[in-house]
Amino acid sequence: MHWFQKTIKLPVYKRGFHLITNIVVRELPEIQQIRTGLLHVFIQHTSASLTINENADSTVRSDFESHFNRAVPEDAPYQHDYEGPDDMPAHIKASMLGSSVSIPITDGRLNLGTWQGIYLCEHRDEATPRRLVLTAYGV
């Protein structure tokens, strides 16, 4: 059994949904050593999240952003508002989507569907660099 783990820092992304699959694969080339296994990607933040979805049509990403902004409005009466009007909505959106994704590894490659990619979901207007913990294991 092989185990590999690495913490990476992503560049700062503007608010929205961003494909990061290529960054994850580039930053953990050890995936190529695994025939059958799993990659777990965890984000160490509470105002950004991860998900897997459409990797080809960018309108999917803009639709995600507009839908989440309607579902979790910034002008709602939040008690937690120390860091600005986008702070509490960012925490709610991150909880809705989650802090991790897991992807099968098959023959040294991520076994994503044809149209699937890993998204960084940035929910803050003034984002900071985000850290991911990548853990790959298998035989």
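Residues numbered from 1 in each chain as written. Predicted model: local features only at pLDDT ≥ 70, side-chain atom pairs only at ≥ 80, totals over all residues. Heavy atoms only, no water.

A word on a nonpolar patch on the surface
A cluster of nonpolar side chains, Met1, Trp3 and Val139, forms an exposed patch at the surface whose accessible area comes to about 370 Å². What makes Trp3 exposed here is its relative accessible area of 54%. (Patch = residues over 30% accessible without salt bridge, like charges linked within 9 Å, V, L, I, M, F, W, Y side chains within 5 Å. Areas by Shrake-Rupley, 256 points an atom, 1.4 Å probe, with all protein chains shown as cover. Salt bridge = Lys/Arg side-chain N within 4 Å of Asp/Glu carboxyl O. Buried < 20%, exposed > 50% of the residue type's maximum accessible area, 1.4 Å probe, protein only.)

Re the nonpolar core
Of all hydrophobic cores here, the largest spans 24 residues; its most connected members are Leu10, Ile20, Val24, Leu39, Val41, Leu132 and Leu134. Residue assignment for this core shows that the elements contributing at least two residues are strand S1 (2–9), helix H1 (21–27), strand S3 (36–43), strand S4 (48–54), strand S5 (100–106), strand S7 (116–122) and strand S8 (131–138). Setting aside chain neighbours within four positions, we find Leu132 in contact with Lys6, Thr7, Ile8, Leu10, Ile20, Val24, Val41, Phe42, Ile43 and Leu50. Phe17, Phe68, Tyr119 and Cys121 belong to the second-largest nonpolar core, a separate cluster that totals 6 residues. (Core = buried A, V, L, I, M, F, W, Y, C linked by side-chain atoms within 4.5 Å. Helix = DSSP H or I, 4+ residues; strand = E, 2+ residues; numbered from the N terminus. Contact = heavy atoms within 4.5 Å.)

What about the pairing of S5?
In S5, alternate side chains face the same way, and those of Val101, Ile103 and Ile105 are buried while those of Ser100, Ser102, Pro104 and Thr106 on the opposite face are not. Bridging between S3 and S5 involves 7 bridges; their strand directions are antiparallel. In the sheet register, Gly37 faces S5, and the bridge partner there is Ile105. Remark: 2 residues form the turn of the hairpin made by S5 and strand S6 (residues 109–110), two consecutive strands paired antiparallel; Asp107 in that turn has positive phi of roughly 50 degrees. (Pairing = 2+ DSSP bridges.)

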